[in-house]
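As a plain string of letters, each chain reads:
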Amino acid sequence: MKAAVLYEVNKPLVIEDVSLPKPGPREVLIRTAVAGLCHSDLHFMEGLYPHPLPAVLGHESAGIVEQVGSDVTYVKPGDHVVTCLSVFCGTCDNCSTGRTVLCTDTTVKMLPGVSDRMQWSKPEKLHQFLNLSSFAEQMLVHENAIVKIRKEMPLDLAALIGCGVITGYGAVVNTAKVTAGETVAVIGCGGVGMAAINGAQIAGAGRIIAIDTNPAKLQLATKLGATDIINPADGDVVKQVRDLTNGGVHHSFEVLGRKETAEQAFAMLASGGTATIVGMIPFGQKIELHGFDFLRERRIQGSSMGSNHFRVDMPRLVDFYLRGRLHLEDWISAKLKLSEINEGFANMKAGKTLRSVIVF
Ligand code: APR
Ligand code: ZN
Ligand code: ZN
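Note that this is a predicted model, so its numbers are computed, not measured.

Participant: Go over the overall build of the chain with me, naming the residues and quoting the values.
Facilitator: Scanning the chain for helices and strands turns up nine helices and 17 strands. Taking 360 residues into account, the globule formula puts the C-alpha radius of gyration at 21 Å, and the chain, at 20 Å, falls close to it. Along the longest, intermediate and shortest principal axes, the C-alpha atoms of the chain span 60 × 40 × 40 Å. The buried share of the chain, taken over its 360 residues, is 56%. Contacts spanning at least 24 positions in sequence make up 71% of the contacts within the chain whose residues lie at least 6 apart. Split by element, the accessible area of the chain, about 14800 Å² in all, is 52% carbon and sulfur. For the chain, the distance from the average site of its 35 positive side-chain charges to the average site of its 36 negative ones is 3 Å.

Participant: Run through the coordination of the zinc ion (ligand 3), naming residues and quoting values.
Facilitator: Within the protein, the zinc ion (ligand 3) binds to Cys-38 (SG), His-59 (NE2) and Cys-163 (SG); these donor distances fall in the range 2.0 to 2.3 Å. You can call Cys-163 buried: its relative accessible area is 4%.

Participant: An account of the layout of surface pockets is needed here, citing residue identities and associated values.
Facilitator: Vacant regions in the atomic arrangement are exposed by a probe of water-molecule size rolled over the atoms. Each pocket or cavity is described by its volume, and for the second largest pocket that value is around 250 Å³. Its residues assigned to classes, the lining of the second largest pocket comprises eight nonpolar, five polar and one charged.

Participant: Please provide a residue-by-residue account of the sheet that holds strand E15 (residues 299–302), values included.
Facilitator: One open sheet holds the six strands; their spatial order is E12-E11-E10-E13-E14-E15, and the pairing between them is parallel. Taken across any chain shown, the strands that pair with only one partner, and hence form the sheet edges, are strand E12 (228–230) and E15. Going from strand to strand, the sheet's axes swing by 20 degrees on average, the running direction of each strand aside. Bridge count between strand E10 (residues 183–187) and strand E11 (residues 207–211): five bridges; the pairing is parallel. Within E11, the position partnered with Thr-183 by the bridge is Arg-207.

Participant: Tell me about the coordination of the zinc ion (ligand 2), and name the residues and values.
Facilitator: By definition of the ideal shapes, a tetrahedral metal site with four donors has angles of 109.5 degrees and an octahedral site with six donors has angles of 90 or 180 degrees. For the zinc ion (ligand 2), the full set of protein donor atoms is Cys-89 (SG), Cys-92 (SG), Cys-95 (SG) and Cys-103 (SG), at a range of 2.3 to 2.4 Å. Geometry at the zinc ion (ligand 2) is tetrahedral, judged from its four donor atoms and the angles of 105 to 115 degrees they form at the metal. All donor residues of the zinc ion (ligand 2) come from one chain, and their arrangement in sequence is C-x2-C-x2-C-x7-C. Placement of the pair is Cys-92 in the loop between strand E6 (80–83) and helix H2 (93–96) and Cys-103 in the loop between H2 and strand E7 (127–128), with a sequence separation of 11 residues.

Participant: Go over the domain arrangement of the chain with me, naming the residues and quoting the values.
Facilitator: When its domains are assigned, the chain resolves into domain 1 (2–162 + 307–359) and domain 2 (177–302). Facing 16 residues of domain 1, the contacting portion of domain 2 comprises 19 residues. Across the domain 1/domain 2 interface, buried area totals approximately 1500 Å², and carbon plus sulfur atoms make up 65% of it. Between domain 1 and domain 2 we count one salt bridge in total. A salt bridge links Lys-223 to Asp-330, with the shortest nitrogen-to-oxygen separation between them at 3.1 Å. Counting across the interface, domain 1 meets domain 2 through seven residue pairs in polar contact (both at pLDDT 80 or more). Ranked by residues supplied to the side of domain 1 that touches domain 2, first place goes to helix H1 (residues 39–45) with three residues. When grouped by side-chain class, the residues that make up the side of domain 1 that touches domain 2 number eight nonpolar, five polar and three charged.

Participant: Can you tell me about the environment of Asp-156, naming the residues and giving the values?
Facilitator: Within the element layout of this structure, Asp-156 appears in helix H3 (residues 155–175). Asp-156 gets classed as buried once you look at its relative accessible area, which sits at 15%. With 97 residues separating them along the chain, Asp-156 and Phe-253 place their C-alpha atoms 26 Å apart. Leaving out residues up to four positions away in the same chain, Asp-156 has contacts with Val-34, Ile-332 and Lys-335. Side-chain polar atoms of Asp-156 contact the side chain of Lys-335, separated by 2.8 Å.

Participant: Any chance you could break down the nonpolar core for me, citing the residues and the numbers?
Facilitator: Counting 77 residues, the largest nonpolar core has Met-153, Val-165, Ile-197, Phe-253, Leu-328 and Trp-331 as its most contacted members. Ranked by residue count, the leading element in this core is H3, at 12 residues. Both of domain 1 (2–162 + 307–359) and domain 2 (177–302) provide at least three residues apiece to this core. Ranked by size, the runner-up nonpolar core spans 30 residues in total, among them Leu-29, Leu-42, Tyr-49 and Met-118.

Participant: Describe H3, naming the residues involved and giving the relevant values.
Facilitator: Of all the bends in H3, the greatest measures close to 55 degrees and is centred on Ile-161. Of all 21 residues making up H3, 20 are buried, and the element is well covered by its neighbours. Count one or two residues on from H3 and you reach Lys-177, which has phi positive near 50 degrees.

About the criteria used
Residues numbered from 1 in each chain as written. Chains lettered and ligands numbered in written order. Predicted model: local features only at pLDDT ≥ 70, side-chain atom pairs only at ≥ 80, totals over all residues. Heavy atoms only, no water. Helix = DSSP H or I, 4+ residues; strand = E, 2+ residues; numbered from the N terminus. Rg over C-alpha atoms; globule rule 2.2 N^0.38 Å. Buried < 20%, exposed > 50% of the residue type's maximum accessible area, 1.4 Å probe, protein only. Contact = heavy atoms within 4.5 Å. Areas by Shrake-Rupley, 256 points an atom, 1.4 Å probe, with all protein chains shown as cover. Lys, Arg positive; Asp, Glu negative; His and termini not counted. Charge placed at Lys NZ, Arg CZ, Asp CG, Glu CD. Donors = N, O, S within 2.8 Å, 3.2 Å for Na, K, Ca; no water. 1 Å grid on protein atoms, 1.4 Å probe; cavity = no way out; pocket = protein on both sides within 12 Å on 5 of 7 lines; lining within 4 Å. Points joined across faces, edges and corners; volume = space filled by probe spheres on them. Nonpolar A, V, L, I, M, F, W, Y, C, P; charged D, E, K, R; others polar. Pairing = 2+ DSSP bridges. Axes fitted to C-alpha atoms, helices over the stretch in contact; angles between N-to-C directions. Tetrahedral: all angles 85-135°; square planar, octahedral: opposite > 155°, others 65-115°. Domains from an automatic or database assignment. Buried area = accessible area lost by both parts, 1.4 Å probe. Salt bridge = Lys/Arg side-chain N within 4 Å of Asp/Glu carboxyl O. Polar contact = N/O pair within 3.5 Å; in protein donor to acceptor, adjacent residues only side chain to side chain. Core = buried A, V, L, I, M, F, W, Y, C linked by side-chain atoms within 4.5 Å. Bend = angle between axes of the 7 residues up to and from the residue.

If you want it as structure tokens, here you go:
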């Protein structure tokens, strides 16, 4: 099969011939239908986050089950599935208390350099990425890294649910647990931020403020549920939010991954408000807060993959889409071939696209 390989940071991906072995007892071989390009892939391509190389990136995908291992009962060949990088064991302390995204059991995860399953003709090891490696025509994954979905769901939109949608929606619904009437601000309206906005609308938020430097993104945010929009070009973002909300929001979401915007998220809170950091702030970077704000019971927390329980959340998101409550139809800006993948990342960097997807 063909796969897009990252050999070095800040270098284009290269299409190579790669193969996968037969599934192990709890593994599932999937024919990749669609893979979304997510900003997190770009963070790794730019070296902002470390990963052993060469590797096949990609972690937002949907496909069709081709073959299952001897112990797999959850799916059968022909089933449509969404993948999820937060593979879980189901029995460690975190899984047992419901926090499956924080699963600590490394035996279900592909450890780079230890349990990678991809093979090729070159002597160096080819590393799998986040238990998935979706920029490839096939994926070999643990059965607890997939969720079965209804066949009516278009696979291109299903792929988006696997990372961007669950990450933004889950941050609002699962991590922050936004309740009806609360005020919400979302900084960064890319794919993930849009899902946070749409999630806030589903949760019944009273006011949803979209913040982005790109006017086109702000326009789309309004369609997805934003009640107010703010462009940092129009002046101090924190002041603009405070003016709109009579002093600050109940919930802010940083969906960009930068120190300055994480600090803004905390500073725009009302007393008692909570900032949820979704974006991947460059590895090793610290953020600064005013200690006094803790006396006002302002909180700040992280959210990983929308604190998902993906076997529950993904089918719900599919239903939300099919019932017209999750507006994924506006998400896909471009459908590309695997050979056009570098073009897709260039467009992401230039801020031209909401989501580009590779259709296999
Ligand atoms: N203030 C507000 N918005 C900004 C700013 C800024 N200073 N600078 C850029 N933006 C906007 C861009 O215009 C774009 O719409 O942030 C958005 C980022 O969107 P994408 O590049 O599409 O990123 P996305 O895939 O949504 O991921 C966002 O979430 O999961 C993490 O790793 C991911 O850190 C990344 C973040
Ligand atoms: Zn576990
Ligand atoms: Zn992602």
